[in-house]
Amino acid sequence: MKTTTLQSIVTNIAGMLVIVIASVSVKAQPAAARQHVLVDVSHGQIFWFDPAVPGSRKPDQVERIKYLNGELVKNATAFNADVSYSKGKLTPDVLAKTDVLFIHIPSAKYETDEVKAIQQYLQKGGSLLLVMDADYWSTLEQVNANDILSPYGIQFGKDSPIAGAGGLAKISAITPKELSIPYHGARLVNGGTPFCYSKLTKDEPFGTFTKLKSGGKIVAMGEGMVSLYMTSWEGVNNYQCSEFMGDVLGWLLK
């Protein structure tokens, strides 16, 4: 009887030790490292600027950027990432701390060493979301976006011949379901894997992506409205901008 009782006590103690060790092991797991989205605002960006430094912007522009920043932060936070703004030159040191570089409709050229720094960043596994639009906002003569993309088989092309009809992001490695996104004219994008089109045709893509052998990733968009979170346009009030940007950031940060 005493032997049985002793065995029972030993068994119970061993079981408790296993639970304690397992609990300590779980608690010892390190937290996932926070990732970083860097928004470039140093090349004459038409719409984006640092909301903490509005400068001489008009009140409605300040309110708009607060909205944009808030939506981008929501999307980034879902993937354990934060958002910051680059107001100076893009250098290897700046990009070394970056997981996604977001360039939205610049209107000035990138210096030769900046282009090289971005390409080196991609070759080291960095991710790039590069957005242009039709010539109305800035042109390929003003902005050397294609110099950045030239080694990767993606190029911005001419303005789309289709003016305005709404857009679609088809099911792809980025978007697990079809999404309705805004479109009111765009710049065509050649190369990569096309996934964004006007609702009228799939012969004129304005969004494409590619994954490099280095692990680097690129999403190139020739239309800027979805990344401005414009959920309403010309009578349509349910464009899925947040879902789209969440899918894009999720893929780029993965």
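Check the entry above for the structure.
Everything numeric in this text was worked out from a predicted model, so none of it was measured.

**What about the environment of Arg 34?**
Argument step 1. Inspection of the secondary structure puts Arg 34 in the loop between α1 (2-27) and β1 (35-40).
Argument step 2. By relative accessible area, which is 42% here, Arg 34 ends up partly exposed.
Argument step 3. Distance from Arg 34 to Asp 82, taken between C-alpha atoms, is 7.3 Å for residues 48 residues apart in sequence.
Argument step 4. Once residues lying within four places of it in the same chain are set aside, the contact partners of Arg 34 are Asn 80, Ala 81 and Asp 82.
Argument step 5. Reaching out from Arg 34, the side chain makes a polar contact with the side chain of Asn 80 at a distance of 3.0 Å.

**As for the environment of Lys 217**
Argument step 1. With respect to the element layout, Lys 217 can be found in strand β11 (residues 217-221).
Argument step 2. Owing to a relative accessible area of 4%, Lys 217 belongs among the buried residues under this scheme.
Argument step 3. Between the alpha carbons of Lys 217 and Ser 127 there is a distance of 4.6 Å; along the sequence they are 90 residues apart.

**Comments concerning the packing of aromatic side chains**
Argument step 1. In this structure the tally under the stated criterion is seven aromatic pairs.
Argument step 2. The interplanar angle of 40° and the centroid separation of 5.0 Å between the aromatic rings of Tyr 183 and Phe 206 together place this pair among those described as tilted. Pair noted here: Tyr 183 is in the loop between β7 (179-181) and β8 (187-190) and Phe 206 is in the loop between β9 (193-198) and β10 (207-211), with a separation of 23 residues, a long-range link.
Argument step 3. Residue classification places Phe 206 among the buried positions, given a relative accessible area of 0%.
Argument step 4. Taken together, the aromatic side chains of Phe 195, Phe 209, Phe 244 and Trp 251 make up a single cluster linked through ring pairs.

**Concerning unusual backbone geometry**
Argument step 1. Positive phi outside glycine occurs at Asn 80, with the angle close to 55°.
Argument step 2. Among the secondary structure elements, Asn 80 is positioned in the loop between α2 (59-77) and β2 (81-86).
Argument step 3. In the Ramachandran plot, Ile 105 falls in the positive-phi region, its phi being about 40° despite a non-glycine side chain.
Argument step 4. For Ile 105, the position within the fold is in the loop between β3 (100-104) and α4 (112-123).

Criteria and thresholds
Just so you know, the residues in each chain are numbered from 1, in the order the chain's sequence is written. In keeping with the predicted nature of the model, local features appear solely for residues at pLDDT of at least 70, side-chain atom pairs appear and are counted solely at 80 or more, and the whole-chain, interface and lining totals rest on all residues. Here the side-chain values reflect all heavy atoms present in the structure, with hydrogen atoms and water set aside. Only DSSP runs of H or I reaching four residues or more are called helices, and only runs of E reaching two or more are called strands; each is numbered from the N terminus. For each residue, the accessible area found with a 1.4 Å probe, counting protein chains only, is set against the maximum for its type, and the residue is called buried under 20%, exposed over 50%, and partly exposed in between. It only takes one pair of heavy atoms within 4.5 Å for two residues to be counted as in contact. Whenever a nitrogen or oxygen atom comes within 3.5 Å of another N or O atom, the pair is scored as a polar contact, on the condition that within protein one atom can donate a hydrogen and the other can accept it, and that pairs from neighbouring residues in sequence are kept only if both atoms are in side chains. Ring pairs are drawn from Phe, Tyr and Trp, using the six-membered ring of Trp, whenever the two centres fall within 6.5 Å, and their geometry is named by plane angle: stacked under 30 degrees, edge-to-face over 60, tilted for the rest.

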